[in-house]
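Chain by chain, the residues:
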Amino acid sequence: MLQKKLGTRIANLRRERELTQVQLAKAVGCSVEFISLVERGVNAPSVAGLERFAKVLKVEVVELFTFKRRNRRGLLRKTRQEQ
């Protein structure tokens with residue numbers, strides 16, 4: 001579950017920064033296939049990889065693990081870390 005959320009978060013950050021998977025892969029130093037696996041939650045980067053992703057996406061590593069949650073009404077709300 002965490003791996004899937006991490007992948008979704010990385011994909012969202014990549015799109016917000018208007019990067020393609022190819023551009024992110026080149027900047028992080030990995031293959032496009034690995035980016036795809038990470039974004040789908042099939043694979044996860046190492047700790048060193050997380051640092052590279054965070055640097056390229058211009059966030060702190062902890063922000064890669066900041067997820068939005070839906071309340072009972074289906075509305076997005078911030079996690080406790082964001083409040």
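This write-up is about the structure you can find in this document. (Residues numbered from 1 in each chain as written. Predicted model: local features only at pLDDT ≥ 70, side-chain atom pairs only at ≥ 80, totals over all residues. Heavy atoms only, no water.)

What follows deals with helix α3 (residues 32-39). Among all positions of α3, only I35, V38 and E39 are buried. What you see down the axis of α3 is that its buried residues fit within an arc of 95°, all on one side. Directly after α3, the chain includes G41, whose backbone phi takes a positive value near 80°. (Buried < 20%, exposed > 50% of the residue type's maximum accessible area, 1.4 Å probe, protein only. Helix = DSSP H or I, 4+ residues; strand = E, 2+ residues; numbered from the N terminus. Arc of directions from axis to C-beta.)

All buried positions along helix α2 (residues 21-28) are accounted for by L24, A25 and V28. Seen along its axis, α2 keeps its buried residues to an arc of 100°; they face one direction. Of the exposed residues in α2, those oriented more than 90 degrees away from the buried face are V22 and K26. Looking at the buried positions of α2, the neighbouring elements they touch are α1 (2-16), α3 and α4 (47-57). Phi turns positive, to about 90°, at G29, one or two residues after α2. (Contact = heavy atoms within 4.5 Å.)

A word on unusual backbone geometry. In this structure, E18 takes a positive phi of about 55° despite not being glycine. Looking at the secondary structure, you find E18 in the loop between α1 and α2. Look at E18 and you get exposed, because its relative accessible area is 71%. At K58, a residue that is not glycine, the phi angle is positive and equals roughly 60°. Residue position: K58 is located in the loop between α4 and β1 (69-70). By relative accessible area, K58 is classed as exposed at 71%.

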